[in-house]
Amino acid sequence: MPTKLGQNFLQDKEIIKKIIASSDLKEDDFVIEIGPGEGALTEQLSKYAKKVIAIELDDKLIPLLEKKFSDTKKIEIIHEDILKINLPELLGHFVSKEKNYKVIANIPYYITSPIIRLFLEQDIQPEEIILMVQKEVAERIIARPGETSILSVSVQYYASAELLFEVGRDSFSPAPKVDSAVIKIVPRRKFDKEADKKFFRIVRSGFSAKRKTLLNNLSASLRMEKSSVEEKLKTAGIGPTVRAQELSLENWKKLASLFQK
Ligand code: SAM
C-alpha cells in the first residue's frame, strides 16, 4: 500500500541511537525536526537538546503528538507544511539569538531536495543537517566529479556532505520500497541571493540536456556562439567534449565567473 505523505515510521531503536550519536547534540542546541510522525525520534532528540521544534503536516498525528509530549516544554509541535511555513519568522522566534540550530529528521522522501534547499538558502543556516533520505538520493548528493548532477552541485556549493550509514527498509513500518541512508550536511558558505542566482544559471544551463556536451548545452541555453563558449571553456581548462557531470565545484565557480564577464 503506498504510504500517504511519505509515512514510514522508524521502528529500529538502534538506528535512532545512531542518528543521535551522529548529531553530537549539546544541551543548548535547538533542533528542527521535519515530520515527527509518531514521535519516536523526537522523544530521543529532546533528551539531549534544549528544544525540539517538530513540524508535522498530518492532522491525524497532531493530537497524538500533543498528548504524548504534553508534560514537556522541550518539545514544540507545529502543525504546518514545512514547505509553506514562514521559516525565517520561526527561526527568528526560536534561534536567532543563539545562532545554533540543527536540523535532524527522518523526512518525507518526496520533498528531499526542496527541504535541503530551504535550509541552505536561509540567512540563518543550520549548524548541521542530519537527514534520513532514500539511499540513491544520498549517493547523488555526495557524488564526485564524473557522476555529479544539479542536486550534488547545489548541496556541495553551500556545504560539505557525507553519507554516514545505510539503513535497510526493515527498520521502518510500513517498510518502504527503497533502502535509506543517513546523511550529514554541514553548511560552509552563506546564502548570497544575487551571486548564487548567477552561479546556478550557469549550472542549470550546463546540465540542461543530459547526453549533450557542456559546450552544446551552454551555447544553446545561454544563446551564445559555440566559438565564444569554447573559448571560455578553454580559459577554464575544460575541453570541448566534457559533460556537465564531470565538472568539479571549482570548475563551476570558474565558469560562472567567466560567463559573467
Ligand atoms: N520522524 C518519524 C519517524 O522517523 O518515525 C516519521 C517519518 S516519516 C518518513 C515522514 C513524516 O513527515 C510523516 O509523519 C509525514 O506525515 C510528515 N510529512 C509529510 N509531508 C510533510 C510536510 N510537507 N511538512 C511536514 N511534515 C510532513
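Nothing here was measured: the structure is a model prediction, and the numbers come from that model.

Undergrad: Help me get a handle on the overall build of the protein chain, residues and values and all.
TA: Per the secondary structure count, the protein chain includes eleven helices and nine strands. Overall, the C-alpha framework of the protein chain stretches about 70 × 40 × 30 Å when taken along its three principal axes. Put simply, the protein chain has 261 residues, and 48% of those count as buried. Contacts spanning at least 24 positions in sequence make up 65% of the contacts within the protein chain whose residues lie at least 6 apart. The average position of the 43 basic charges and that of the 38 acidic charges among the side chains of the protein chain differ by 6 Å.

Undergrad: Lay out the site of the ligand with the relevant residues and their values.
TA: The ligand sits among 23 residues. The nearest are Gln-7, Leu-10, Gly-35, Glu-56 and Asn-106. At a separation of 2.7 Å, an oxygen atom of the ligand approaches a polar side-chain atom of Asn-106. Computed on the free molecule, the ligand has an accessible area of 600 Å², of which 99% lies beneath the protein chains in the complex. Broken down by secondary-structure element, the contributors of at least two residues to the shell around the ligand are strand E1 (9-10) and strand E3 (51-56).

Undergrad: Can you tell me about the packing of helix H9 (residues 214-221) against helix H10 (residues 226-235), naming the residues and giving the values?
TA: Where H9 meets H10, the axes come as close as 9 Å, and the angle between the chain directions of the two elements is 125°. With respect to H10, the element H9 is oriented oblique. Crossing geometry of H9 relative to H10 is assigned as right-handed. Across the interface between the two elements, Leu-214, Leu-215, Asn-216, Leu-218 and Ser-219 from H9 touch Lys-226, Val-229, Glu-230 and Leu-233 from H10. Its residues placed into classes, the contact of H9 with H10 shows five nonpolar, two polar and two charged.

Undergrad: Before we move on, can you summarise unusual backbone geometry with the specific residues and values?
TA: Along the chain, Ser-173 connects to Pro-174 via a cis peptide bond; the corresponding omega equals -10°. Relative to the helices and strands, Pro-174 is located in the loop between strand E8 (172-173) and strand E9 (180-187). One non-glycine residue with positive phi stands out, namely Asp-24, at about 45°. Mapped onto the elements, Asp-24 comes out in the loop between helix H1 (13-23) and strand E2 (30-34). In the Ramachandran plot, Arg-223 falls in the positive-phi region, its phi being about 50° despite a non-glycine side chain. Topologically, Arg-223 is positioned in the loop between H9 and H10.

Undergrad: How would you sum up the environment of Asp-123? Please name residues and give values.
TA: Among the secondary structure elements, Asp-123 is positioned in the loop between helix H5 (112-120) and strand E6 (128-134). In sequence terms Asp-123 and Pro-88 are 35 residues apart; their C-alpha atoms lie 7.8 Å from each other. Ignoring sequence-local partners within four residues, the contact set of Asp-123 consists of Lys-190 and Phe-191.

Undergrad: If you had to explain the nonpolar core to someone new, which residues and values would you point to?
TA: Generally speaking, a soluble globular protein has its nonpolar side chains buried in company with each other. Ranked by internal contacts, the top residues of the largest apolar core, which has 60 residues, are Phe-119, Trp-252 and Leu-255. Looking at this core, the element that brings in the most residues is helix H11 (residues 249-259), giving six residues. For this core, the two domains that each supply at least three residues are domain 1 (9-187) and domain 2 (193-259). Not counting chain neighbours up to four residues away, the residues in contact with Leu-255 comprise Ile-202, Leu-214, Leu-218, Lys-232, Leu-233, Ala-236, Ile-238 and Leu-247.

Undergrad: Talk me through the sheet that holds strand E4 (residues 75-79); I want residue IDs and the actual numbers.
TA: Pairing is mixed in the open sheet, where seven strands are placed in the order E4-E3-E2-E5-E6-E9-E7. Both outer strands of the open sheet, E4 and strand E7 (159-167), are each paired with one neighbouring strand and no more. On average, adjacent strands in this sheet sit at an angle of 20° to one another, irrespective of strand direction. Here E6 runs beside E9; their pairing, made up of six bridges, is antiparallel. Along E9, the bridge assignment pairs Val-133 with Ala-181.

Undergrad: Could you give me a rundown of the domain arrangement of the protein chain, with the residues and numbers involved?
TA: How big an interface is tends to be reported as the loss of accessible area on association of its parts. We note that the domain assignment places domain 1 (9-187) and domain 2 (193-259) within the protein chain. Taken residue by residue, the interface counts eleven residues in domain 1 and 14 residues in domain 2. Taken together, the two surfaces of domain 1 and domain 2 that pack against each other cover about 1,000 Å², and 70% of this comes from carbon and sulfur. Per-residue buried area on domain 1 facing domain 2 is highest for Ile-150, Val-153 and Tyr-157; these three make up 53% of the total on that side. Joining domain 1 to domain 2, the criterion identifies zero salt bridges. Taken together, the links from domain 1 to domain 2 amount to five residue pairs in polar contact (both at pLDDT 80 or more).

Conventions adopted
Residues numbered from 1 in each chain as written. Predicted model: local features only at pLDDT ≥ 70, side-chain atom pairs only at ≥ 80, totals over all residues. Heavy atoms only, no water. Helix = DSSP H or I, 4+ residues; strand = E, 2+ residues; numbered from the N terminus. Buried < 20%, exposed > 50% of the residue type's maximum accessible area, 1.4 Å probe, protein only. Contact = heavy atoms within 4.5 Å. Lys, Arg positive; Asp, Glu negative; His and termini not counted. Charge placed at Lys NZ, Arg CZ, Asp CG, Glu CD. Near = heavy atom within 4 Å. Polar contact = N/O pair within 3.5 Å; in protein donor to acceptor, adjacent residues only side chain to side chain. Areas by Shrake-Rupley, 256 points an atom, 1.4 Å probe, with all protein chains shown as cover. Axes fitted to C-alpha atoms, helices over the stretch in contact; angles between N-to-C directions. Parallel < 35°, antiparallel > 145°, perpendicular 65-115°, else oblique. Left-handed = near helix turned anticlockwise from the far one by under 90°. Nonpolar A, V, L, I, M, F, W, Y, C, P; charged D, E, K, R; others polar. Core = buried A, V, L, I, M, F, W, Y, C linked by side-chain atoms within 4.5 Å. Domains from an automatic or database assignment. Pairing = 2+ DSSP bridges. Buried area = accessible area lost by both parts, 1.4 Å probe. Salt bridge = Lys/Arg side-chain N within 4 Å of Asp/Glu carboxyl O.

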